[in-house]
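# Chains, contacts and geometry: an overview
Here's the letter readout for the chains.
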Amino acid sequence: MADVTVEIVIEAPPDAVWSHISDLGSHAEWMADAESIRFLTEQRSGVGTRMEVATKVGPLRTTDLMDVVAWEDDRQIVVRHRGVVAGTGSFTLEPDGAGRCRVIWHEALDLPKRLGGPVGGWAAAPMLRWVWRRNLRRLKHQIELGPQRGKDR
């Protein structure tokens, strides 16, 4: 199993961070490993939302099927991964004082035998941690720059 937790403090109030995290369709804008997101349900937020995410990590590509299984406005989103890689993932927001917000991203993923099973998950964890930390830095940059984000790139 790959059990990975990464976090970052964003210099923005929790409601501003939530507006980005809860916009599931925009995650491909800041997640380098998410190439595209296609909704499989009419709804785009809340429990019951289903998505298909084209994912690429290094040379590995997969289609990640996800179901939103928990949704607490302004606080947490939990998804269940179905497909080649199974498990759960969550984003949790915690106010961090002075208008800041801590974002905690946790993934507990089971890799299939063809990707090394538990040993493959253990070996992949450092690379996944690196990718997801980078993703959170991209999210932080996007939120903190706000409307200016396109002008500085």
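Relevant structure appears above.
Attention in this report is confined to the structure presented alongside it. Counting restarts for each chain, with residues numbered from 1 along the sequence as it is written. Totals for whole chains, interfaces and linings use every residue, but because this is a predicted model, local features are given only for residues with pLDDT of at least 70 and side-chain atom pairs only at 80 or more, for both listing and counting. Note that the side-chain values use all heavy atoms of the structure and ignore hydrogens as well as water.

### As for the environment of Arg 50
Secondary structure elements are taken from DSSP: a helix is a run of H or I of four residues or more, a strand is a run of E of two residues or more, and numbering for both begins at the N terminus. Counting through the fold element by element, Arg 50 comes out in strand 3 (residues 50-57). Through-space distance from the C-alpha of Arg 50 to that of Phe 39 is 6.0 Å; in sequence the pair is 11 residues apart. Here a residue-residue contact requires only that any non-hydrogen atoms of the pair lie within 4.5 Å. Residues in contact with Arg 50, not counting those within four places in the same chain, are Arg 38, Phe 39, Leu 40, Thr 41, Met 66, Asp 67 and Arg 82.

### Points about unusual backbone geometry
Positioned with a positive phi, Asp 74 is a non-glycine residue whose angle comes to about 65°. Of note, Asp 74 is situated in the loop between strand 4 (60-72) and strand 5 (76-82). A simple rule labels every residue: compare its accessible area, found with a 1.4 Å probe on the protein chains alone, to the largest value its type can have, and call it buried under 20%, exposed over 50%, or partly exposed in between. For Asp 74, a relative accessible area of 44% corresponds to the partly exposed category. One non-glycine residue, Ala 98, lies in positive phi territory at about 50°. Tracing the sequence through the fold places Ala 98 in the loop between strand 6 (86-95) and strand 7 (101-110). Its relative accessible area of 82% is what places Ala 98 among the exposed residues.

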